[in-house]
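# Examining the three-dimensional arrangement
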Amino acid sequence: MRTEQKLNMTMLCDFYELTMGNGYFQSGYKDRITYFDVFFRDVPDRGGFAVCAGLDQLIEYIQNLHFDEEDIEYLRSKQIFSEGFLDYLRDFKFTGDIWAIPEGTPIFPREPVVVVRAPAIQAQLIETFTLLTINHQSLIATKANRIVRAAKGRTVLEFGSRRAQGTDGAISGARAAYIGGCGGTACTISDELYNVPAGGTMAHAWVQMFDSEYEAFKTYCEIYPNNATLLVDTYNTLKSGVPNAIKAFNEVLKPMGIKKCGIRLDSGDIAYLTQAARKMLDDAGWTECQISASNSLDEYIIRDLLEQEAQIDMFGVGERLITASSQPVFGGVYKLTAVEDENGTIIPKIKVSENVDKITNPHFKKVYRIFDKQTGKAEADYITVWDEEVDVSKPLELFDPRATWKRKTYTDYVIKPLLVPIFQGGKLVYEQPALKEVQEYCKEQVQALWAEVKRFENPHNYYVDLSQKLWDIKQNLLREAAK
């Protein structure tokens, strides 16, 4: 039995991926080139867009794919895998191609976020981890972006580690929250691993540890004069917490000439208490003292607090961010879209369902984003067959694939391919940006969306359209399936 320290993430797969792999091996399909798409069907929280995240962890996983003897012995013990297949796994590595939409990019339903082209066993085996990392981090990045936008320029910190769903939920969740726009995290290891800025000051236990609230505040200011943020709601926020904080600031920070300080509230009527605390601080001359608030916040509560003119400079958001509690599943799927025959010809494949939402878009595809040249705003996404080229010197007519009579022609536009090469022939060809660069890129790309798309309630439907060629291929496959 393995210990946690020796976990091989290659084995983090659904068992059917191994049974299918063995089946492909014994049926002569192990080297057949296949194409798979990762896409999602619905935006979390009924929002207008999601934020792509998790690519870095997918890259690390692909680079470390392998089976060791302990894994092979485990599989042999199941008594269903051929010895030939187990021998094949000894030298297993990824030799295929992967394209992906870069982290931080706004993404929309039914468009490929990751495209895998690889021999059948390889492509099948990476399904679970690919979905796991893209689904989880995209979910948290999307939720974080909603919360950050609700804060209207105020700093949002991720505070959710202790209520995250497992260690990776906390660690990679903090990373994803940073991509979505959070200014930092309370999770120390995420800073150590990913350079997500970690910070924190005190819990109520610090205040309770001392004989008096004032002594707790004074001692903290003496030890951390340049980072003095005091938690003022342990006993009575307005009668003792804020007055004792002001007294400690006056006696410790003021003689040092330090004006930067803060207080935090974690309970009570936050809107009323921050208004009253702001007046008390200002009257005492601490106009630069920042007020932070936490306690089960989300984008709707933050929006309401600001509408009530709460005096808050910084938000600490925990459980409802790190668990995306309002919709804790992203729902991305991994579907076969094409195979190659022995001559290298790409043969499109489609999944058909009575549920129209579950019918897939077939073939090896490209995804473009169309921007209005005058405004710089994103207008629509355009999915084409891999061998199609868009001539930007000519008008481009798009139509809604579900209501083909809805059409729009673009004349003054620029077009950007969204899928970029990540692996080619098993080799990493993508230059991974620093996490801070990803965060800045995300902010820029979200700003390029129309305000109507960014509404929390009833957002405008951003169109993801198919080229005429791809639409025709899809309809032909549906007709063939109906026969």
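Note that this is a predicted model, so its numbers are computed, not measured. (Residues numbered from 1 in each chain as written. Predicted model: local features only at pLDDT ≥ 70, side-chain atom pairs only at ≥ 80, totals over all residues. Heavy atoms only, no water.)

Inspection of the entire model under this criterion finds three cavities of 30 Å³ or more. What the largest cavity holds in volume is close to 80 Å³. Lining the largest cavity are Asp 37, Phe 39, Arg 41, Arg 110, Glu 111, Pro 112, Asp 357, Ile 359, Thr 360, Asn 361 and Lys 365. Grouping the constituent residues of the lining of the largest cavity by class yields three nonpolar, two polar and six charged. (1 Å grid on protein atoms, 1.4 Å probe; cavity = no way out; pocket = protein on both sides within 12 Å on 5 of 7 lines; lining within 4 Å. Points joined across faces, edges and corners; volume = space filled by probe spheres on them. Nonpolar A, V, L, I, M, F, W, Y, C, P; charged D, E, K, R; others polar.)

For the rest of this paragraph, the subject is unusual backbone geometry. Notably, Asn 195 is not glycine yet its phi reads approximately 65°, a positive angle. For Asn 195, the location among the structural elements is in the loop between helix 8 (188–194) and helix 9 (204–209). Take Asn 195: its relative accessible area is 58%, and that puts it in the exposed class. In the Ramachandran plot, His 363 falls in the positive-phi region, its phi being about 85° despite a non-glycine side chain. Counting through the fold element by element, His 363 comes out in the loop between strand 13 (346–348) and strand 14 (365–372). Of the residues examined, His 363 reaches a relative accessible area of 7% and is grouped as buried. (Helix = DSSP H or I, 4+ residues; strand = E, 2+ residues; numbered from the N terminus. Buried < 20%, exposed > 50% of the residue type's maximum accessible area, 1.4 Å probe, protein only.)

With that settled, the discussion passes to the side chain of Glu 379. Structurally, Glu 379 can be placed in strand 15 (residues 378–385). A polar side-chain atom of Glu 379 sits 3.3 Å from a polar atom in the side chain of Trp 450. (Polar contact = N/O pair within 3.5 Å; in protein donor to acceptor, adjacent residues only side chain to side chain.)

The next point concerns the nonpolar core. Ranked by internal contacts, the top residues of the largest apolar core, which has 133 residues, are Val 116, Phe 249, Ile 263 and Phe 315. In terms of residue count, helix 6 (residues 127–150) provides more of this core than any other element does, nine residues in total. Not counting residues within four places of it along the chain, the set of residues in contact with Phe 249 comprises Cys 221, Ala 228, Leu 230, Lys 254, Cys 261, Gly 262, Ile 263, Trp 286 and Cys 289. One finds Tyr 368, Tyr 382, Leu 398 and Ile 415 within the second-largest nonpolar core, a separate group that totals nine residues. (Core = buried A, V, L, I, M, F, W, Y, C linked by side-chain atoms within 4.5 Å. Contact = heavy atoms within 4.5 Å.)

Moving on: the pairing of strand 12 (residues 333–340). Among the eight residues in strand 12, six count as buried, and that is most of the element. Looking at chain direction, strand 1 (residues 33–39) and strand 12 are connected through six bridges and run antiparallel. Across the sheet, Phe 36 pairs through a bridge with Leu 336, a residue of strand 12. In the sheet, strand 12 pairs with strand 13 via three bridges, with the strands oriented antiparallel. Residue pairing in the sheet places Ala 338 in a bridge with Pro 348 of strand 13. The loop that links strand 12 with its antiparallel partner strand 13 comprises five residues; one of these, Gly 344, has a positive phi angle of about 85°. (Pairing = 2+ DSSP bridges.)

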